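Examination of the molecular architecture
Residues per chain are reported as follows:
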Amino acid sequence: MVENMKKIIAWLEENGIEYSVDKFGNPYYFNDGFTVDGIQVSFYFDGIGNAWEKKEMLEKFMKRKKSYVCYDFRFGAGYTYRIMTVSDYVKLIEHEKAIDDAVKKFWQEEHARRMRIESKLA
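So, here's what we can say about the structure.

Take the nonpolar core next. One finds Ile8, Leu12, Ile39, Val41, Leu58 and Ile83 to be the most contacted residues of the largest nonpolar core, which totals 23 residues. When contributions to this core are tallied by element, the ones reaching two or more residues are α1 (6–14), β2 (36–44), α2 (53–63), β3 (68–75) and β4 (78–85). With near-sequence residues (within four places) excluded, Ile83 lies in contact with Met5, Ile8, Gly38, Ile39, Val41, Leu58, Met62, Val69 and Cys70.

So, in structure tokens, the structure goes:
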């Protein structure tokens, strides 16, 4: 759970910013069970949910939190922010890189296997 993020959660609630407590790390796709705890906050261009003006408030607040990372993803309808500790962020980045490397290796090997089969058929 995000016990170490109680002050951030309290600030979000004080300022009327909707959030969700989430686990990041995609444990189901690779069945490795890896997750890190974090908070997710979304802002939509059309005004659904959090008011667009509060986005800037969140950014300013999080810039003062040196032991936390707040990074955004732009999607079709707005922005989503993920908040987590710096150490969890480092673990998440390393984990995602390991997955990316494994996927690239798989497809390189698969391509080589298919080329060998094709050369035998030719």
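There's plenty left to go through after this.
Further remarks concern α1. Buried residues of α1: Ile8, Ile9, Trp11 and Leu12, and no others. Projected onto a plane normal to the axis of α1, the buried residues spread over an arc of 160° and lie on a single side. Among the exposed residues of α1, those oriented more than 90 degrees off its buried face are Lys6, Lys7, Glu13 and Glu14. Trailing α1 by a residue or two, Gly16 shows a phi angle of about 65°, which is positive.

Running from amino to carboxyl end, α1 crosses α2 at an angle of 155°, the nearest separation of the two axes being 12 Å. One element, α1, and the other, α2, form an angle in the roughly antiparallel class. As α1 runs across α2, the sense of the crossing is right-handed. Between α1 and α2, the contacting residues are Ile8, Trp11 and Leu12 on the first element and Met57, Leu58, Phe61 and Met62 on the second. Grouping the amino acids of the contact of α1 with α2 by side-chain chemistry returns 7 nonpolar, no polar and no charged.

Here is what the cut-offs are and how they apply
- Residues numbered from 1 in each chain as written.
- Predicted model: local features only at pLDDT ≥ 70, side-chain atom pairs only at ≥ 80, totals over all residues.
- Heavy atoms only, no water.
- Core = buried A, V, L, I, M, F, W, Y, C linked by side-chain atoms within 4.5 Å.
- Buried < 20%, exposed > 50% of the residue type's maximum accessible area, 1.4 Å probe, protein only.
- Helix = DSSP H or I, 4+ residues; strand = E, 2+ residues; numbered from the N terminus.
- Contact = heavy atoms within 4.5 Å.
- Arc of directions from axis to C-beta.
- Axes fitted to C-alpha atoms, helices over the stretch in contact; angles between N-to-C directions.
- Parallel < 35°, antiparallel > 145°, perpendicular 65-115°, else oblique.
- Left-handed = near helix turned anticlockwise from the far one by under 90°.
- Nonpolar A, V, L, I, M, F, W, Y, C, P; charged D, E, K, R; others polar.

These results come straight from atomic positions and should not be treated as a statement about function.
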